[in-house]
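# Coordinates in review
What follows is the residue order along each chain.
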Amino acid sequence: MKLMMCVVALAGVLLPAAAEPPEPAARAIDGYVRDYLARTGLPGAVVAVTEGDRVVHAAGYGHTADGEPVTAATPVPLASLSKSFTALAVLRLADRGAIDLDAPVQTYLPEFVMADPRAARITVRHLLQQTSGMSDRAFPELTLPAPDTLKQAVAMLRTAPLSAEPGTRMTYHNPNYAVAARLAEVVSGMPFADHLAASVLRPLGMTATRTVDTTADLPGAGAGYVRAYGRVIRRAHPTWFVNGSFGVVSTGDDLARWLIAQSAGRGLPRETLRAAQTPSGVDGSTYGMGWQAGRTAGGAARLRHTGWLLTHNSVQTILPDSGHGIAVVTNTGMVSGDDAALIADGLVDLIEGRPSSGAAPFTMTADLWLGALTLLSAALGVLGVLRARAWARRRRPFVRLIPYALPVALFLGLADLIGLVMNRAGTLEQITYVWPALYIWAATTALAALVVIIARLIHLIVIKSRHSSKKRTSAFVWPVPDDWPRYCLAVPLDGKKTT
């Protein structure tokens, strides 16, 4: 018997223990995410869920744009979730007494100069709370040539005006955080990537997380997918400068560590976390420093930040009352996708005991309507061309051309219109990522209208030319001798003269 007990004990030491089945919460999360991928065709996602100081679930799903399986260790771009990392990197300098959050930025960064004297009153706090007065309307950075370094990104602001008095209005603007990162770089005396690693990442054990300068430095150079007509289409990402504002790359495992730090206060001073997570209150703003306060569908307090690239989107959520944290990154881009936010909202419903709504990106339905409208616009364009000759014979034809100029104007102003709705400035090319089906419909409608206008003008010119030719050949003037009375004899085509 003793021998048997020794054998069993030895086996327990030498043999690996059987893997414990995942807890019910983890199984429910895993099942929800897998169902979402199956329903929507989402190519890939990274999901991390925590509760207090423990990891409930961290996993990867699907594949990258390069066809590699996504796991909890796969590096993914966090997009604008990076702002909460940059905020902490700057706040750690304040913890050490190296900077004063309410001191002017130029105190620590004299190179920060704008084409507006009010910029001298912008403080470090204004940058982190996005209340500096800078905006996309005054400085449309994503439509301009991309810089290569934080120093160049700050130098570009020399020609930028302000759109508001510093400290009076919250306006989301990426350069706020590029300036903040450059400030941290100068004050710390080391590249921002090194300062972020030393002050934030390593203390939290986030050894697989880093920040990069441009999208070319992202995994796969930022390649991902966009949604169009119920399908996903692989797209490369154009080169953008992202450091400080949306350049952090992380993994599902590291995101779990990040969520625990944010919700349980592990590894960072609670006062520092509270400063980052507390809304500024400026003009009613709910934005803090890389976090925005709000409520869940069930009315519970929620801290959140979303992130968008043209080929990826992300969201991080903290539920202070329950101690849960959620982070989701998906490889679909911006408006056409928004899968990360939908998955995160579904997980919040799961945590709070509400049934899943089965939500899917709205473009999966809207694109079908836009596809039908695109075909209708093309058909009407063909019909307009076929009827152009009859149109040219009508009275006052030019008045009837005015409605056809509207689709052309809509297409040319589409980037401004989308920018107005999203409070961001962009280009027509970027709309081919943001909402491809909308771009195709607007472009097709504009092209059809333009072709109809050209066809009608051609027929109008031909008809006018023929009419003028008939007038010239229907009558001519006989030559009159100098000594005749000064009158003309009109001669019809039958050759009979009349006076």
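Coordinates for the structure precede this section.
Residues numbered from 1 in each chain as written. Predicted model: local features only at pLDDT ≥ 70, side-chain atom pairs only at ≥ 80, totals over all residues. Heavy atoms only, no water.

### Section: the overall build of the protein
Applicable threshold: Helix and strand labels come from DSSP, where a helix needs a run of H or I of at least four residues and a strand needs a run of E of at least two; each type is numbered from the N terminus. For every residue, the accessible area (1.4 Å probe, protein chains only) is compared with the maximum for its type, and the residue is labelled buried under 20%, exposed over 50%, or partly exposed between those bounds. Residue contacts are counted whenever heavy atoms from the two residues lie within 4.5 Å of one another. What sets the accessible areas is the Shrake-Rupley method with a 1.4 Å probe; for residues, cover comes only from the shown protein chains.
Within the protein one finds 18 helices and 13 strands. A buried classification covers 47% of the 499 residues belonging to the protein. Long-range contacts, defined as pairs at least 24 residues apart, comprise 70% of the intrachain contacts of the protein with a sequence gap of at least 6. With an accessible surface of roughly 23700 Å², the protein has 61% of that area assigned to carbon and sulfur atoms.

### Describing helix α12 (residues 339-351)
Note the following rule: Working rule for helices: expected span equals 1.5 Å times residues minus one.
Along its 13 residues, α12 runs 18 Å from first to last C-alpha, staying within 8% of the 18 Å computed at 1.5 Å per residue. Along α12, the residues that are buried comprise Asp339, Ala340, Ala341, Ile343, Ala344, Gly346, Leu347, Val348 and Asp349. Once α12 ends, the next one or two residues include Gly353, with phi positive near 80°.

### A short note on the pattern of salt bridges
The condition that has to hold: What counts as a salt bridge is simple: a side-chain nitrogen of Lys or Arg found within 4 Å of a carboxyl oxygen of Asp or Glu.
Summed over the entire model, instances satisfying the criterion amount to 17 salt bridges. Among the ionic pairs, Asp53 bridges to Arg266, the shortest N-O distance being 3.7 Å. With Asp53 in the loop between β1 (44-51) and β2 (54-62) and Arg266 in the loop between α9 (252-264) and α10 (270-277), this pair connects stretches of sequence that are 213 residues apart. For Asp53, a relative accessible area of 48% translates into the label partly exposed. What makes Arg266 partly exposed here is its relative accessible area of 48%. Several salt bridges converge on common partners, so that one network encompasses Asp116, Arg118, Arg121 and Glu165.

### Concerning α9
For α9, with 13 residues, the first-to-last C-alpha span of 18 Å sits near the 18 Å given by 1.5 Å per residue. Taken residue by residue, α9 has Gly252, Asp254, Leu255, Ala256, Trp258, Leu259, Ile260, Ala261 and Gln262 as its buried positions.

### Describing the side chain of Gln430
With respect to the secondary-structure elements, Gln430 resides in helix α17 (residues 428-434). The buried category is assigned to Gln430, whose relative accessible area is 11%. Filtering out sequence-adjacent residues up to four positions away, Gln430 remains in contact with Leu142, Trp240, Leu310 and Ala425.

### A few points about the sheet that holds strand β7 (residues 248-250)
Short version of the rule: In this analysis, strands are considered paired if DSSP registers two or more bridges between them.
The antiparallel open sheet is built from three strands, whose spatial order is β3-β7-β4. The open sheet has two edge strands with one neighbour each: β3 (76-77) and β4 (210-211). Both β4 and β7 contribute to a ladder of two bridges, which runs antiparallel. Within β7, the residue paired with Thr211 across the bridge is Val248.

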